[in-house]
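The residues making up each chain are set out below.
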Amino acid sequence: MMAAIGDKMSNNILQIFQELSYAQVTDSDDIVKVWLSQHNSPVGFLMDGCLEQPSEREFKGIINPCTKVELTKVLLGKEEDIETAISTGRRAQEEWHSQPKNRSRILYSIARNIQKHQRLITLVENITSGKPGHQVRDVDIPYLIRNLYHFAGWPLVSTNLDDCWNPFDVTGIMIHKDSSSLSTIPWRIVEALAVGSSVVVLANSECYLSVLLFAEVCISAGLPPGLLNVIASDELGFEKLSSSPNAEKLVFIGSAQMAKSIRKVSAGCGKDLSLHLCSRPVVIVFDSADQDSAVEGVIETLIINNGKTGVKVLLQESIFSKFHSKLKDRFKRLQIGLCMDKNADSTLVTETASKECLIKLVDEAQLEGAEIFQAHPVSDSGFPPTLISNIQTSSVLTIKEFVPGPILFLLPFRTPKEAITLANNSLSGLSASVWTENISLALEVSCYLKVGTVWINSQNILDAAAGFGGCRESGYSRTGGIEGLMEFMKPNWQFSFNNGGQVHQKFGQASISKDLLPSFQSDEATVKMGVDHTYKLYYGGAQKRPDGNSSRAVYNSKGKVIAYVPDAGKKDVRNAVEASLNGQPNWEKRSGHSRAQILYYIAENMEQRKNAFVAQLEEMSGKTKEECLQEVDQCVSSLFTFASCCDKFGGTAKETQLYGMVITSEEAVGIIGIICPEECPLLAFVTLVASAVARGNSVIVVPSEKQPLAALDMYQVFDTSDVPPGVINILTGSQDHLARCLAEHQDIQSIWYHGCSPDGAAVVEHASSQNFKRTWVSSIDVQMWYKPSEICVKLMKEASHNKTLWIPMGEIFAN
């Protein structure tokens, strides 16, 4: 009998060896059960350092997505719980911010305690998210620890920001169900605590236990009570936090659909909003790539975060067939198992709704002629990794921005230009990887990809010292390094607009006012002899009449009409955007030195016309000649300041754990719509325009509504200073109407609203939810317009976005 058993075991071992497959090795979750037994079900909220279980709350069951076994239940927070958490955080924050040394030591202690309890944290994440153990153990946990160590040092070295920047009192962080909790905790919570902010976390019930455990470890490591409060919540709770008047800063991590709701709800509430949205990554493989390494990179991209998003792979046509065959072979060797299986590459965990969506997408692609390859069948538990080829660029699967599952589809390309075009044919832009042994080709392609992160011959490398984030509809925020820290700080000279979140749908729509009627005044101030000075719009490098053929009156300080300016409308905005689209790419390609020379040239020509601008300001504003002269002189000074910035904010090299180079480049945002304030009508106009174009953006600027004449006369300076057509465009008219038109336009990437209307600010933020354009909505202290060097850092931050390039080495030394 024993001999027979021995022979059977030998045969099994021999079979495994011959097939080179892995046997199932299941981990034990006993320690998780012990931890859960210490929490009464339903599990409550962590508030002010204690676990609370208030009565009369809804609750939801937490299920192991692989086994479908219920682990426990959690309470869902109500609006009153959220407000209590915010008030608790506000009380604790003041002392926390005032003790940078203490912040540093406590964050260090948290890192040590995470290391002591890695096994428990890993297993809790395994059984609640369904992710394979190796992803949590080898990726998420080390990244979390690295973040804590890195940001533990920042409170001691960032004190030079304290004079001009302050942390937000309370930061609200919302973690949606489409996010993995352990891979999002270090993104934002640690950074907020490092700068001195308190944090309220609303976590979807599916990832609540991991966040709760992290918070408990923080408290055991000495984090003062009230600084980190954690509440399980649903989407209704996210909206309640977004509209709360007591949380200044919001961070949302999750789906684009939910982000739109949060942007609309928070519009007009005076909040700073950071978005990290789910997005489909892009992989570009050239014929000069190491194909075996590229195959592994593609597979890693697909299964990371347990395959919650599809991947677009662009293959050079000459290697398409061979690479496709290699991918099929690799798909066959993928180990699919349960989350507790140590040898599983991926699990088949998919929500029912997502699985039905994926099946429908695959069926539609097959009807269109696509080739479908699945090494594992669709099962009750989920949807398997799927390889799709022979797919058209017009296919539904190709066009869809977010695919909620492990679908990898291949598209061929012939030239690098075609690859860039296909990669950028998307509304989102989180990350991409480029595979080629030609480093010059890799760098040039990386520069033109519209994403926030590019890996060269590598994939999914992250580090606390390097910024990570997307652009366009992948959000506009960064985490990591100084970029991540500054998202939780605000300049002390900036004031938010807040109208209580009231968005008036008819606000800013075209309307008729008395200013559009001709004046019949006969005062000497309005009767001018000689040739009439007809003001026009300025876009595309030329003066243009308004499409509506209307003008509005401009009054002097005594209430007398001194001129008529064009009343621009939606069609004029479209024309200006078209001109910007033509002019901005070439302007961005210019060297910083070249852009600086043009700004210096503008300053020279403005200096020569100083007397005319002084007289114009004096007539419009009623200020003294000395005050107007000071404003014009400061305009010239600001132009010199931002000309100097053209070649000094290009990026930095980051000190990460990678053996290689990690470079953060500062790229232009694109087209920026600017609404200027009424105060300092010429100086504010010049400062905002100069700072934006210095970084390679084009602008559509709406000057002061009441005092626009000096800004309109600047077109002569721009024309004689060799400003390329379409880079600077000026529209006059109703600021409320034009702000709405700019915010609603899909081809404008950012809006700077410094107008005087809180209702206008609310409309701008609400309209921006359609394409997640960046918004900078605030009022600036008047004195700061005369101190360009002090507002320079903020202006440069708003005028650019970071792109991080990861370039590993190893040609000479392996590591």
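This one's a predicted model, so the numbers in the text were calculated from it and none came from an experiment.

Rules used in this analysis
- Residues numbered from 1 in each chain as written.
- Predicted model: local features only at pLDDT ≥ 70, side-chain atom pairs only at ≥ 80, totals over all residues.
- Heavy atoms only, no water.
- Helix = DSSP H or I, 4+ residues; strand = E, 2+ residues; numbered from the N terminus.
- Rg over C-alpha atoms; globule rule 2.2 N^0.38 Å.
- Buried < 20%, exposed > 50% of the residue type's maximum accessible area, 1.4 Å probe, protein only.
- Contact = heavy atoms within 4.5 Å.
- Areas by Shrake-Rupley, 256 points an atom, 1.4 Å probe, with all protein chains shown as cover.
- Lys, Arg positive; Asp, Glu negative; His and termini not counted.
- Charge placed at Lys NZ, Arg CZ, Asp CG, Glu CD.
- Axes fitted to C-alpha atoms, helices over the stretch in contact; angles between N-to-C directions.
- Parallel < 35°, antiparallel > 145°, perpendicular 65-115°, else oblique.
- Left-handed = near helix turned anticlockwise from the far one by under 90°.
- Pairing = 2+ DSSP bridges.
- Phe/Tyr/Trp six-rings, centres within 6.5 Å; stacked < 30°, edge-to-face > 60°.
- Core = buried A, V, L, I, M, F, W, Y, C linked by side-chain atoms within 4.5 Å.
- 1 Å grid on protein atoms, 1.4 Å probe; cavity = no way out; pocket = protein on both sides within 12 Å on 5 of 7 lines; lining within 4 Å.
- Points joined across faces, edges and corners; volume = space filled by probe spheres on them.
- Nonpolar A, V, L, I, M, F, W, Y, C, P; charged D, E, K, R; others polar.
- Polar contact = N/O pair within 3.5 Å; in protein donor to acceptor, adjacent residues only side chain to side chain.
- Disulfide = S-S within 2.5 Å.
- Expected span 1.5 Å × (residues − 1).
- Salt bridge = Lys/Arg side-chain N within 4 Å of Asp/Glu carboxyl O.
- pLDDT = per-residue confidence, 0-100.
- Patch = residues over 30% accessible without salt bridge, like charges linked within 9 Å, V, L, I, M, F, W, Y side chains within 5 Å.

A.B. asks: Would you explain the overall build of the chain in this entry?
C.D. replies: Helices and strands together make up the secondary structure of the chain, namely 28 helices and 32 strands. The C-alpha atoms of the chain give 29 Å as radius of gyration, which agrees with the globular expectation for 815 residues (28 Å, within 12%). In terms of its C-alpha atoms, the chain occupies a principal-axis envelope of roughly 120 × 65 × 50 Å. When the 815 residues of the chain are sorted by exposure, 57% land in the buried category. The long-range share in the chain, meaning contacts at least 24 apart out of those at least 6 apart in sequence, stands at 77%. Roughly 33,100 Å² of accessible area belongs to the chain as shown, and the carbon and sulfur atoms make up 51% of that amount. Here the chain contributes 75 positively and 91 negatively charged side chains, and the mean placements of these two sets differ by 1 Å.

A.B. asks: Help me understand the packing of helix α10 (residues 235–243) against helix α11 (residues 256–266), please; the structure alone is not making it clear to me.
C.D. replies: Helix-helix packing is described using two parameters, namely the angle between the two axes and the distance between the axes. Where α10 contacts α11, the two axes come as close as 8 Å, and the packing angle between them is 30 degrees. Judged by the inter-axis angle, α10 sits roughly parallel to α11. In the crossing of α10 with α11, the sense of the turn from one axis to the other is right-handed. Here Glu235, Phe238, Glu239, Ser242 and Ser243 of α10 come into contact with α11, specifically with Met258, Ser261, Ile262, Val265 and Ser266.

A.B. asks: In this structure, what is going on with the sheet that holds strand β16 (residues 431–435)? I would like to understand it.
C.D. replies: Picture the strands of a sheet paired through backbone hydrogen bonds; they go either parallel or antiparallel. One open sheet holds the 10 strands; their spatial order is β13-β14-β15-β12-β11-β16-β17-β32-β25-β24, and the pairing between them is mixed. Looking at which strands have only one partner, the edges of the open sheet turn out to be β13 (371–373) and β24 (651–653). The sheet shows a mean angle of 20 degrees between the axes of neighbouring strands, taken without regard to direction.

A.B. asks: Quick question: what am I supposed to make of the packing of aromatic side chains here?
C.D. replies: Each aromatic ring pair is summarised here by two numbers: the centre-to-centre distance and the angle between the ring planes. Applying the stated criterion across every chain, the model contains 10 aromatic pairs. Seen in terms of ring centroids, Phe331 and Phe373 are 6.4 Å apart; in terms of plane orientation they differ by 65 degrees. Their pairing is edge-to-face. Remark: Phe373 occurs in strand β13 and Phe331 occurs in helix α13 (residues 320–332); sequence separation between them is 42 residues. With a centroid separation of 6.5 Å and an interplanar angle of 35 degrees, the aromatic rings of Tyr538 and Phe718 are classed as tilted. Taken as a pair, Tyr538 in strand β20 (residues 537–539) and Phe718 in helix α25 (residues 714–720) lie far apart in primary sequence, 180 residues in all. On the accessibility criterion, Tyr538 (4% relative accessible area) is buried. According to the relative accessible area criterion, Phe718 is buried, its value standing at 3%. Taken together, the aromatic side chains of Tyr538, Tyr715 and Phe718 make up a single cluster linked through ring pairs.

A.B. asks: What am I meant to see in the nonpolar core here?
C.D. replies: In a soluble, globular protein the nonpolar side chains are often hidden away together inside. If you look at the biggest cluster of nonpolar residues, it comprises 101 residues, and the most contacted ones within it are Val201, Tyr208, Phe214 and Leu228. Excluding residues within four positions of it along the chain, Val201 makes contact with Ile173, Ile175, Ile189, Val211, Leu228, Asn229, Val230 and Ile231. Counting residues in each nonpolar core, the second largest holds 66 residues, with Trp493, Met620, Met714 and Met784 among its members.

A.B. asks: What should I look at first to understand empty space enclosed by the protein in this one?
C.D. replies: If you roll a probe as big as a water molecule over the atoms, it shows you where there is empty space left. Tallied over the full model, the rule gives 6 cavities of 30 Å³ or more. Looking at the largest cavity, its volume works out to about 80 Å³. Forming the boundary of the largest cavity are 14 residues, of which Arg280, Val282, Ala423, Ser426 and Ser428 lie nearest the centre. A breakdown of the residues in the lining of the largest cavity according to their chemical character gives 4 nonpolar, 6 polar and 4 charged.

A.B. asks: I'm lost on the side chain of Ser768 in this one. Help?
C.D. replies: You can see Ser768 is positioned in the loop between α27 (758–767) and β30 (774–777). In this structure Ser768 touches Arg263, Ala743, Lys773 and Thr775, once residues within four positions along its chain are discounted.

A.B. asks: I tried to follow unusual backbone geometry on my own but got confused; where do I start?
C.D. replies: Excluding glycine, residues mostly carry a negative phi; peptide bonds, for their part, are mostly trans. For the bond from Ser41 to Pro42, the omega torsion is 0 degrees, close enough to zero to count as cis. Mapped onto the elements, Pro42 comes out in the loop between α2 (30–37) and β1 (45–47). Although it is not a glycine, Phe772 adopts a positive phi angle of roughly 55 degrees. Within the secondary structure layout, Phe772 lies in the loop between α27 and β30.

A.B. asks: Teacher, can you tell me more about the environment of Val503 here?
C.D. replies: Turning to its location among the elements, Val503 is positioned in the loop between β19 (494–495) and β20. Residue class for Val503 comes out partly exposed when judged on its relative accessible area of 21%. Those residues in contact with Val503 that lie beyond four places of it in its chain are Ala267, Ala762, Val763 and His766.

A.B. asks: Quick question: what am I supposed to make of the side chain of His754 here?
C.D. replies: Relative to the helices and strands, His754 is located in the loop between β29 (750–753) and α27. A distance of 3.0 Å separates the side chain of His754 from the backbone oxygen of Ser778, its partner in a polar contact. When residues no more than four places from it in sequence are discounted, the contact partners of His754 are Ile675, Cys676, Pro677, Leu688, Trp776, Ser778 and Ile780.

A.B. asks: Just checking my understanding: could you explain the state of the cysteines for this structure?
C.D. replies: Any covalent bond linking the sulfur atoms of two cysteines counts as a disulfide. Applying the stated criterion to the full structure yields 0 disulfides. Free of any disulfide, Cys628 has its nearest cysteine sulfur in Cys680, 11 Å distant. Overall, Cys628 belongs to the buried group, its relative accessible area being 0%.

A.B. asks: Please explain helix α9 (residues 208–220) as it appears in this structure.
C.D. replies: Every α-helical turn comprises 3.6 residues, leaving residues that sit three or four positions apart pointing alike. Its 13 residues give α9 an end-to-end C-alpha distance of 18 Å, which sits within 8% of 18 Å, the value for a rise of 1.5 Å per residue. Of all the 13 residues making up α9, 10 are buried; the element is thus mostly covered by neighbouring parts of the structure. Within two residues after α9, Gly222 carries a phi angle of roughly 110 degrees, on the positive side.

A.B. asks: Would you mind showing me how to read the pattern of salt bridges here?
C.D. replies: A full pass over the atoms with the stated rule returns 29 salt bridges. Ionic pairing is found between Lys73 and Glu70, a salt bridge with its closest N-O pair at 2.7 Å. Lys73 sits in the partly exposed class, given a relative accessible area of 28%. For Glu70, a relative accessible area of 42% gives the class partly exposed. With a shortest N-O distance of 2.5 Å, Lys131 and Asp140 are connected by a salt bridge. Here Lys131 matches Asp140 in class, with each residue buried. Here the salt bridges do not stand alone but share partners, grouping Arg57, Glu80 and Asp81 into one network.

A.B. asks: What is the right way to look at the confidence of the model for the chain in this model?
C.D. replies: Predicted coordinates in regions of low pLDDT should not be interpreted in detail. Chain-level pLDDT for the chain is 90 on average; 93% of the residues reach the 70-or-more range. Considering only residues more than four positions removed or in separate chains, one finds that residues 522–527, a stretch of pLDDT under 50, has 8 contacts.

A.B. asks: Would you mind showing me how to read a nonpolar patch on the surface here?
C.D. replies: Together, Tyr659, Met661, Ile663, Met809, Ile812 and Phe813 line one region of the surface with nonpolar side chains, adding up to about 610 Å² of accessible area. Inspection of the secondary structure puts Tyr659 in the loop between β24 and β25 (660–668).

A.B. asks: Can you walk me through helix α14 (residues 352–367) in this structure?
C.D. replies: Taking 1.5 Å as the rise per residue, α14 with 16 residues should run 22 Å; its terminal C-alpha atoms sit 23 Å apart, in good agreement. Residues of α14 that are buried sit in contact with β13, β14 (386–389), α15 (396–399) and β15 (407–413). A positive backbone phi angle near 105 degrees is found at Gly369, which sits one or two residues after α14.

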